[in-house]
Number of protein chains: 2
Amino acid sequence: MSPPQDRGRAPSIRDVARLAEVSHQTVSRVLNDHPSIRPETRERVLQAMETLQYRPNRAARTLVTSRSNTIGVLAALSTTYGPATSIAAIEDAAREHGYHVNTANLADTSPAGIADAIEHLMLQAIEGLVVIAPQVRVFEVLAASSIGVPFVSLQSTGRRDHLALSVDQVTGARRATQHLIGLGHREIVHLAGPQDWIEAEARMRGFLEAIDDAELGLHPPILGDWTADFGYYAGSELVRRRDFTAVFAANDEMAIGLMHAFRDAGLDVPGDVSVVGFDDIPVAKHVAPTLTTVYQDFHEIGRRAVALLLNQVHGAERIEVEDIVPRLVVRGSTAPVAVRPASVAR
Amino acid sequence: MSPPQDRGRAPSIRDVARLAEVSHQTVSRVLNDHPSIRPETRERVLQAMETLQYRPNRAARTLVTSRSNTIGVLAALSTTYGPATSIAAIEDAAREHGYHVNTANLADTSPAGIADAIEHLMLQAIEGLVVIAPQVRVFEVLAASSIGVPFVSLQSTGRRDHLALSVDQVTGARRATQHLIGLGHREIVHLAGPQDWIEAEARMRGFLEAIDDAELGLHPPILGDWTADFGYYAGSELVRRRDFTAVFAANDEMAIGLMHAFRDAGLDVPGDVSVVGFDDIPVAKHVAPTLTTVYQDFHEIGRRAVALLLNQVHGAERIEVEDIVPRLVVRGSTAPVAVRPASVAR
DNA sequence: GACAGCGATGTGAACGTGCACATCCGGATC
DNA sequence: GATCCGGATGTGCACGTTCACATCGCTGTC
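Residues numbered from 1 in each chain as written. Chains lettered and ligands numbered in written order. Predicted model: local features only at pLDDT ≥ 70, side-chain atom pairs only at ≥ 80, totals over all residues. Heavy atoms only, no water.

Draft legend 1. How the structure looks around the protein's contact with DNA strand D. Neighbouring residues of DNA strand D: 28 residues in total, closest Thr26 and Thr41 of chain A together with Ile13, Ser28 and Tyr54 of chain B. In the interface set of DNA strand D, defined as its atoms within 4 Å of the protein, sugar plus phosphate atoms amount to 59%. Here a phosphate oxygen of DNA strand D sits 2.4 Å away from a polar atom, N or O, in the main chain of Ile13 of chain B. A distance of 3.2 Å separates a base oxygen of DNA strand D from a polar side-chain atom of Arg14 of chain B. Secondary structure elements with two or more residues in the surface near DNA strand D: α2 (24–31) and α4 (58–65) of chain A together with α1 (13–20), α2 (24–31) and α4 (58–65) of chain B. Each residue belonging to the surface near DNA strand D can be placed in one class, and the counts come to ten nonpolar, 13 polar and five charged. (Near = heavy atom within 4 Å. Polar contact = N/O pair within 3.5 Å; in protein donor to acceptor, adjacent residues only side chain to side chain. Helix = DSSP H or I, 4+ residues; strand = E, 2+ residues; numbered from the N terminus. Nonpolar A, V, L, I, M, F, W, Y, C, P; charged D, E, K, R; others polar.)

Rendered as structure tokens:
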């Protein structure tokens, strides 16, 4: 009934060999799908494994092959929807390829904290690294610590020391801004993310390009921290000025906080102010008003990151990386600019 | 300038020993903080490590000690706020204890999918397992596959084969329901989670207890899938009946979808219907209306899970596990029952 | 001054696997 | 029938670390 007592050590390749009456090397061959092995022998070995409940010892294998079959993930803000979804996708994809995933969070974004997280991952002897929701600083530390394994960034960084998925955040942000401009808005404020985040910088750039293209005046962007709470705070400050008719927030959480502040101040969205977010988190389509935003396929991003990384790990030729272009999703938080701008209400 | 070429293998303990002119065992002692080592010797060894950029090989260590310093996390729905936050907390806590974390997602919740995920983790030779957002089935599979390592559940399961944090979901749900009752609501619907989820079952139980205590009539609960989209769907169905004045949703996402549907149907929250959620996700306080919900400290839950698990891994005596009782947070989505219930509006 | 005791260090084996190489066997080739 | 070849299998070692045990010298005790 119950499995054989695990007295002492787990069964090894040699225990299996003894039971199957072959050499340990034959067992090893069965494990690694070596071609030249008689079907009959293979069967006997598999049988023995089954009986002994044999599980290969990854540590031993790693030791001799110096391949850990593990990739690392360096994630910041891993509790938010986007990164969390990408991480999950990375795990799924890695598992499909027989790889394990080891995650380290960047709770502390100081260089020391970053170095610490990287060091932690390196101890695990990872073969490659995926960097999620990356800050500029992370790549500086990575470059400085010469980790000796390939790494992939989920965002284009412009650096040459690693590959990056090119998710065209700039275009996404530009489209969001152009949408507002198309609705007649001319006084648009950007609620940006922290500028040491590559994504935040790209989104800001897209915003600026669109503003520039349309030859509109520039409101100084507000630098936020991605949180809904900050969005609320920024909104409360903004309503004092009311010299704008639309806000493009760098992510949905901030947009939602923003709308909250506007609501509290008696401003109507989208009647008085239009709001656009970024990411299309699952609740975006259900908040009031439903949020116009830019959709990103985080799952696909995670999958591609793994494909790209493993390709590099195995030293194959460079694979094609097509751009992922985020898609504008128009919902209820944007509307044509009011005849009299909100500023008049002052 | 650049570090020494990594020609061939990485430096080993023996390379360090040679450079420091000691035996390899002395180096090992320095690594493991062995007490009897002369400070001067230690210094020399550390110096040598520094020069060689030595990093201990975890595979070799694991092989000989049969301790992997890795714990596994089996997570479902890891992209949502609660699980993601707990996972992050688990990683932080594990790292503090020198442990690595290996995560496997439960994309597929069939027994085969579950067994597959567990098998994947076991290949990694994990020392313990944390099960997040657990479904009943997971524990059945775990019991059946006799994984041989301790595991900890983030929710009380009533099973005896593992430890569980006791987060008192029942009390949390009861308080939420009592809050509605206290406001005069007598027709309360519960939008539950999938009943094979332990949390969903506990929240439903708390709801039923509160209804029972107050001797109210029972509306058959609606079984949802945790998503905001389902909340919207359920809300659309519910508005056809309008035989209720309040809804207690098993999580915030569903509550937000629900409110969306009510809004679309012209029902006012909380004027016509009160809504309570569960979890207190970051946007809960910013949606319109702000959502009354039950706060859970996911971070603390993750931390405690690691403490509990490592304690068990190290075979220490059982540690005290105090209950974590979720806290009701009253916001704008609940109000005293209207003089004429929504049903009259029919 | 002999001996126990302890601090500081060294020696060899073992962990479980894969690799390089050796061996054995049957069939094809001449 | 001697030779070669390749499929199927076995033998020993190496990977980098820790563990058990041994060694050496110094101090304190009687």
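There is more to say, and it comes next.
Draft legend 2. The arrangement of the protein's contact with DNA strand C in detail. Not every one of the 28 residues close to DNA strand C is listed here, only the nearest: Ile13 and Tyr54 of chain A together with Thr26, Arg29 and Thr41 of chain B. Backbone atoms, meaning sugar and phosphate, make up 58% of the atoms of DNA strand C lying within 4 Å of the protein. In this structure, a phosphate oxygen belonging to DNA strand C sits 2.4 Å away from a main-chain N or O atom of Ile13 of chain A. Contacts to DNA strand C include Asn32 of chain A, whose side-chain N or O atom sits 3.2 Å from a phosphate oxygen.

Draft legend 3. Up close: the relation of the copies chain A and chain B. Relative to chain B, chain A is turned by 180° and slid 0.0 Å along the rotation axis, the superposed coordinates differing by an RMSD of 0.1 Å. What we have between these two chains is a two-fold relation. Nearest to the rotation axis, the C-alpha of Ala59 of chain A is located 2.3 Å from it, this being the minimum over chain A. When the interface residues of chain A are mapped onto chain B, 100% of them again fall at the interface, so both copies present the same face. (Least-squares fit on C-alpha atoms with pLDDT ≥ 70 in both. Contact = heavy atoms within 4.5 Å.)

Draft legend 4. Structural view of the packing of aromatic side chains. Residue and element names in this part refer to chain A. Scanning all chains against the criterion turns up 14 aromatic pairs over all chains. An aromatic cluster of at least three residues, connected via ring pairs, comprises Phe207, Phe248 and Phe278. The cationic tip of Arg203 hangs over the ring face of Phe278; the distance from NZ or CZ to the ring centre is 3.9 Å. (Phe/Tyr/Trp six-rings, centres within 6.5 Å; stacked < 30°, edge-to-face > 60°. Lys NZ or Arg CZ within 6 Å of the ring centre and 35° of its normal.)

Draft legend 5. Just the domain arrangement of chain A, in detail. All names here are of chain A. In terms of domains, chain A is made up of domain 1 (10–38 + 57–65), domain 2 (67–164 + 298–324) and domain 3 (169–292 + 330–345). Here domain 2 and domain 3 have C-alpha centroids that lie 30 Å from each other. On the domain 3 side, the residues contacting the 13 residues of domain 2 number eleven residues. Buried surface at the junction of domain 2 and domain 3, both sides included, amounts to about 1100 Å², of which 67% is carbon and sulfur. On inspection of domain 2 and its partner domain 3, the count reaches zero salt bridges. At the boundary of domain 2 and domain 3, one finds one residue pair in polar contact (both at pLDDT 80 or more). Per-class residue counts for the side of domain 2 that touches domain 3 are eight nonpolar, five polar and no charged. (Domains from an automatic or database assignment. Buried area = accessible area lost by both parts, 1.4 Å probe. Salt bridge = Lys/Arg side-chain N within 4 Å of Asp/Glu carboxyl O.)

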